[in-house]
Amino acid sequence: MSYNNILSTTTEGVATITINRPSKLNALNRETINELHKALKKADEDRAAKVIIVTGSGEKAFVAGADISEFADFSVSEGGKLAAEGQAKLFDFIANLDTPVIAAVNGFALGGGLELAMAAHFRIASDNAKMGLPEVSLGVIPGYGGTQRLPQLVGKGRAMELIMTAGMIDANQALQYGLVNHVVAQENLLEFTGVIAGKIMRNSPMAIAAAIRAINAGFEDGENGFDAEVMEFGKCFGTADFQEGTQAFLNKRKPVFTGK
Ligand code: COA
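**Digging into helix H6 (residues 156–165)**
Then comes step 1: Turning to H6, its buried residues are Ala-159, Leu-162 and Ile-163. Looking straight down H6, one finds its buried side chains confined to an arc of 95°; they lie on one side. In H6, the exposed residues that point more than 90 degrees away from the buried face are Gly-157, Glu-161, Met-164 and Thr-165.
Then comes step 2: Here the buried face of H6 lies against helix H5 (146–154) and strand S9 (168–170).
Then comes step 3: Directly beyond the C-terminal end of H6, a positive phi value near 55° is found at Ala-166.

This is the structure:
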């Protein structure tokens, strides 16, 4: 599949999706959101892709936000539709994928860019990365899940301050906040992310997908995460991956998982 605004490659079990509009600091226009949806869906369905890495092209930006030029003259209903469609197609879509998604944040992650990184299952940042939700400086609020996922990740008070001030934090502050899991030199970002992906790939894809669902359930309104865990735990016992994992352990060999 060919794309105008993203690059997508799969090597050695890792699908790397790179947002590639460097002249606009990889800002998310409608076409880019559609392409990301397609590429993520394809990677999720691809048995060869065990982990997905999302990153930005160039050294300056991961994603500098939703493309402001596209919504500057929107009406109330168009604004609501923009947020609802974007959340369904990209942000909630990523968060609920069965395949683990790591955001490799290689520079500015602002507005929709930080929301994209926060929708991923976890984040690794380069040392030059800067993150923030500056929407209130434009007279709008984060609309791609930012008002929900930022407090979940960093706590309510810090999220309130970051959103109200429209400020930016650097990679080390993000690490201290727990917004990113690791900070590495920019030139090592993809290699380091690949090492973490390698550790994930040794494990059962079916169990990882079940863990993602159980963890996410705890953050869903009206769902009980503990009940979801019990259900997902039980379902694991019916999988080939569980047979393989336990037999490999008992026979003192490495498991070969076929799940996904
Ligand atoms: N939407 C549309 N275009 C954007 C964009 C966005 N979110 N962010 C950057 N761009 C474009 C700029 O308009 C500029 O395009 P041009 O060269 O055709 O004029 C190009 O990307 C480079 O950005 P520029 O602002 O010149 O770079 P800078 O180094 O001076 O500043 C930022 C970098 C990230 C601080 C600045 O681009 C910025 O504040 N972007 C908007 C961030 C934002 O508010 N995001 C939330 C959106 S809801």
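**So, the sheet that holds strand S4 (residues 61–63)**
Then comes step 1: Read from one edge to the other, the open sheet built from 4 strands follows the order S4-S6-S8-S9, with strand pairing classed as mixed. Strands with a single pairing partner mark the edges of an open sheet, and in this sheet they are S4 and S9. Taken pair by pair, the neighbouring strands of this sheet meet at an average axis angle of 20°, ignoring direction.
Then comes step 2: Of the pairings in the sheet, the one linking strand S6 (residues 108–110) to strand S8 (residues 130–132) comprises 3 bridges and is parallel in character. Its bridge partner being in S8, Leu-110 is matched across the sheet by Gly-132.

**Points about the site of the ligand**
Then comes step 1: Close to the ligand lie 16 residues; Lys-24, Lys-60, Ala-64, Ala-66 and Ile-68 are nearest.
Then comes step 2: Ser-23 places a polar main-chain atom, nitrogen or oxygen, 3.5 Å from an oxygen atom of the ligand.
Then comes step 3: Within the contact set of the ligand, an oxygen atom lies 2.5 Å away from a side-chain nitrogen or oxygen of Lys-24.
Then comes step 4: Summarising the interface, the protein chains cover 59% of the accessible area of the ligand, which totals 870 Å² for the free molecule.
Then comes step 5: Residues belonging to the shell around the ligand are distributed by class as follows: 9 nonpolar, 3 polar and 4 charged.

Cut-offs and rules
- Residues numbered from 1 in each chain as written.
- Predicted model: local features only at pLDDT ≥ 70, side-chain atom pairs only at ≥ 80, totals over all residues.
- Heavy atoms only, no water.
- Buried < 20%, exposed > 50% of the residue type's maximum accessible area, 1.4 Å probe, protein only.
- Helix = DSSP H or I, 4+ residues; strand = E, 2+ residues; numbered from the N terminus.
- Arc of directions from axis to C-beta.
- Contact = heavy atoms within 4.5 Å.
- Pairing = 2+ DSSP bridges.
- Axes fitted to C-alpha atoms, helices over the stretch in contact; angles between N-to-C directions.
- Near = heavy atom within 4 Å.
- Polar contact = N/O pair within 3.5 Å; in protein donor to acceptor, adjacent residues only side chain to side chain.
- Areas by Shrake-Rupley, 256 points an atom, 1.4 Å probe, with all protein chains shown as cover.
- Nonpolar A, V, L, I, M, F, W, Y, C, P; charged D, E, K, R; others polar.

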